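# Descriptive structure summary
Take a look at the letters that make up each chain.
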Amino acid sequence: MNVLQQLVNGLSLGSIYALLALGYTMVYGIIKLINFAHGEIYMLGAFIGYYVANNFGFGLVLTLLTSMIICAILGMLIEFLAYRPLRNSTRIAALITAIGVSFLLQSLMIYFVGADTRPYPQLMKNITYDLGIFQISKIQIVIIVTSLFLMLLLQFIVQQTKMGRAMRAASVDPEAAQLMGINVNYTISFTFALGSSLAAAGGVLIGLYYNSIDPMMGVAPGLKAFIAAVFGGIGIIPGAALGGFAIGIIETVVSALGFTAYRDAVVYLILIIVLLVKPSGLLGKNIKEKV
Amino acid sequence: MKERLKINGIWLAIMVVIFAILAITYSTGLMSPVVETTLVMIGINIILAAGLNLVIGISGQFSLGHAGFMAIGAYTTAIMTIKMPSIVGFLIGLVLGCILSGIVALLVGIPTLRLSGDYLAIATLGVSEIIRSLIMNMDQITNGPAGLFGIPPFVTWSMVYLFVCITLILITNYIHSAAGRATLSVRENLIAAESMGVNVTKYKVVAFVIGAMTAAVAGGMYSSYVQTIVPGNFDFMKSIDILIIVVFGGVGSMTGTVVAAVLLGMLNMYLQDFGAIRMIIYAFALVIIMIFKPSGLLGTKEFSVKKLLSKGGKQHV
């Protein structure tokens, strides 16, 4: 087994998790909601990509963009219809609503497009490059480069733009932000749009990578991405990226060592150990509760 | 103490009356097999949700790993009854599953219950997935992903009913005991409780262990009733199913849990006829109910015999 090879495979899987984890972490950071419907946005993103690529013959960039834009709108719509009415109720009620939305999207998709797995349109010719010490396929390069580009873009939006500043302010203290003239509802909408578009990009990329999509595909990666977000410290953007890559690499390495069946168990075990040592995740700060 | 005995007596009488009504419908043949299955599933869900409500609603710890403990109970009982196909074997399995689940909960609970809120949720979710993963991989004992089948059936609707009553009586009495009040104080304000000398960790762990043990009992009954179990029965979605019952009924309200389990069970039965759109209706109902009644059906209200006795006098907690 080649260590470098596994690292490359882990990185490409991990960047998908990271894209998803960013959405979880941003939403959690701003409204403290574990958005369980996030994995379904990823699934929808993959399906939208499937339809536009098949019916309109869009190329990779155009497919990605269409899917991201539609999912951004969808994310805002879900936030507006399902989560906004619950803004002031208990967090557990919001959580159940998120689970309900996730069930709803899954079952609607199963009802309308069928539960069977379908092959993904090949948007590009896949070539495997042999670099001597490891092999890398064109799709893997596209996945890693696109994800890194999107992550950097997100980092730029959050750190440098006015909207990003509003997001950061609203996540620290929504009420104070409101007092300072920030439209918190608008900011939350924007956060959902950003997160959902990243998930959509992840969905299209995973469709290319595994060449198969189905309406239930969002469940497991959704959970993994949430774990990735917790792993890195939920609410922290670089933490989510780090967590995503870490989970991807751990998974690939455990599989490569021949423990495929124990893959998920190992991921969870490492997560629990991390949480016990650093209860707020790898990059999180421990904040003592005030009395 | 005497008063509690009296209240328990009245509860017992109510339970006997309900049992009598059910027994009459059963003996007159009014109860179809579908209804009977629904009844058993409702009962099992009540046991599961009551245990989880003790953890979430009373001690205020957010656990997402209930299905894992159910799996321990289900597999232990199943393996025991296959090895020893008699009612004694079944009961031994049930007790063993209960003990095993309690031990696992204790081992897991002591370190993880230091975590708070969502971190605890994800840790318990992890624990339950690890349990499921182990079950999947212990081929010799659990038959791996293929699951166990041909489990001898010993569970009848009346036995489930009996266990539901026992669980509810035990849990409500625990809530009203001194330990239960301490547990409630942990939920209300951890720091205040700690400064009043309440051993916070101890009560969290006790609630968690009781929850795990009741889940194991429910799991054992489930495996014996459906006669076939696969690891997939006890995945994350099962934990969510139980969580939905708890939240739907009202976090912290045992009455709510029972009402929600019955309503959701009946909803499930009637939705069977709708086939493909069943899940759509179910999910849609869930979202709508949460939006319009986010505190659950009964909030924290509790049907209380004591309050009825004192004719709406003192507020009963």
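Nothing here was measured: the structure is a model prediction, and the numbers come from that model.

Turning next to the overall build of chain B. A count of helices and strands for chain B gives 14 helices and zero strands. What you see in chain B, going N to C, is helices and strands ordered as α-α-α-α-α-α-α-α-α-α-α-α-α-α. Expressed along its principal axes, the backbone C-alpha trace of chain B runs to roughly 50 × 50 × 40 Å. When the 317 residues of chain B are sorted by exposure, 52% land in the buried category. Taking the intrachain contacts of chain B between residues at least 6 apart in sequence as the baseline, contacts between residues at least 24 apart amount to 79%. Accessible area of chain B: about 13800 Å², with a carbon and sulfur share of 72%.

Attention now goes to the interface of chain A and chain B. Across the boundary between the two partners, chain A contributes 42 residues, which contact 38 residues of chain B. Interface area, chain A with chain B, both sides summed: about 3500 Å², of which 83% is carbon and sulfur. When the buried area of chain A at its contact with chain B is split by residue, Ile 96, Phe 103 and Leu 276 of chain A rank highest and sum to 18% of it. Across the contact surface, chain A and chain B share zero salt bridges. Linking chain A to chain B there are three residue pairs in polar contact (both at pLDDT 80 or more). Those elements that provide at least two residues to the side of chain A that touches chain B are helix 3 (60–83), helix 4 (91–113), helix 9 (219–232) and helix 11 (263–277) of chain A. In terms of residues, the side of chain A that touches chain B owes the most to one element, helix 4 of chain A, which gives 14 residues.

Before going further, it helps to spend a moment on the packing of aromatic side chains. What the rule picks out here adds up to 16 aromatic pairs over all chains. Residues Tyr 83 of chain A and Phe 192 of chain A carry aromatic rings whose centres are separated by 5.7 Å and whose planes lie at 45 degrees to one another, so their mutual orientation is tilted. Linking Tyr 83 of chain A in helix 3 with Phe 192 of chain A in helix 8 (residues 184–210), this pair joins segments that are 109 residues apart in sequence. What makes Tyr 83 of chain A buried here is its relative accessible area of 4%. Each ring, one from Phe 90 of chain B and one from Phe 154 of chain B, has its centre 6.0 Å from the other, and the planes form 35 degrees; the classification is tilted. In this pair, Phe 90 of chain B is assigned in helix 4 (residues 87–112) and Phe 154 of chain B in the loop between helix 6 (139–142) and helix 7 (157–176), connecting sequence segments 64 residues apart. Residue Phe 90 of chain B shares its accessibility class with Phe 154 of chain B, and that shared class is buried. These aromatic residues form a ring-pair network of at least three members: Tyr 24, Phe 36 and Phe 226 of chain A together with Phe 236 of chain B.

A few words now on the UniProt feature "transmembrane region" (unreviewed entry) in chain A. Residue and element names in this part refer to chain A. In the numbering adopted here, UniProt assigns the feature "transmembrane region" (unreviewed entry) to residues 6–26, 58–80, 92–113, 133–158, 188–210 and 265–284. The annotated region residues 6–26 carries 100% helix and 0% strand content, and the separation between its end C-alpha atoms amounts to 29 Å. The span residues 133–158 is 81% helical and 12% strand by assignment, and the distance between its end C-alpha atoms comes to 37 Å.

Next up on the list: the nonpolar core. The tendency in soluble globular proteins is for nonpolar side chains to be buried side by side. With 201 residues, the main nonpolar core has Tyr 83 of chain A together with Met 221, Ile 229, Phe 234 and Leu 243 of chain B as its most contacted residues. Here the element with the most residues in this core is helix 1 (residues 3–31) of chain A; it accounts for 14 residues.

Calculation rules
Residues numbered from 1 in each chain as written. Chains lettered and ligands numbered in written order. Predicted model: local features only at pLDDT ≥ 70, side-chain atom pairs only at ≥ 80, totals over all residues. Heavy atoms only, no water. Helix = DSSP H or I, 4+ residues; strand = E, 2+ residues; numbered from the N terminus. Buried < 20%, exposed > 50% of the residue type's maximum accessible area, 1.4 Å probe, protein only. Contact = heavy atoms within 4.5 Å. Areas by Shrake-Rupley, 256 points an atom, 1.4 Å probe, with all protein chains shown as cover. Buried area = accessible area lost by both parts, 1.4 Å probe. Salt bridge = Lys/Arg side-chain N within 4 Å of Asp/Glu carboxyl O. Polar contact = N/O pair within 3.5 Å; in protein donor to acceptor, adjacent residues only side chain to side chain. Phe/Tyr/Trp six-rings, centres within 6.5 Å; stacked < 30°, edge-to-face > 60°. UniProt positions renumbered as here; feature names shortened; annotations may be inferred. Core = buried A, V, L, I, M, F, W, Y, C linked by side-chain atoms within 4.5 Å.

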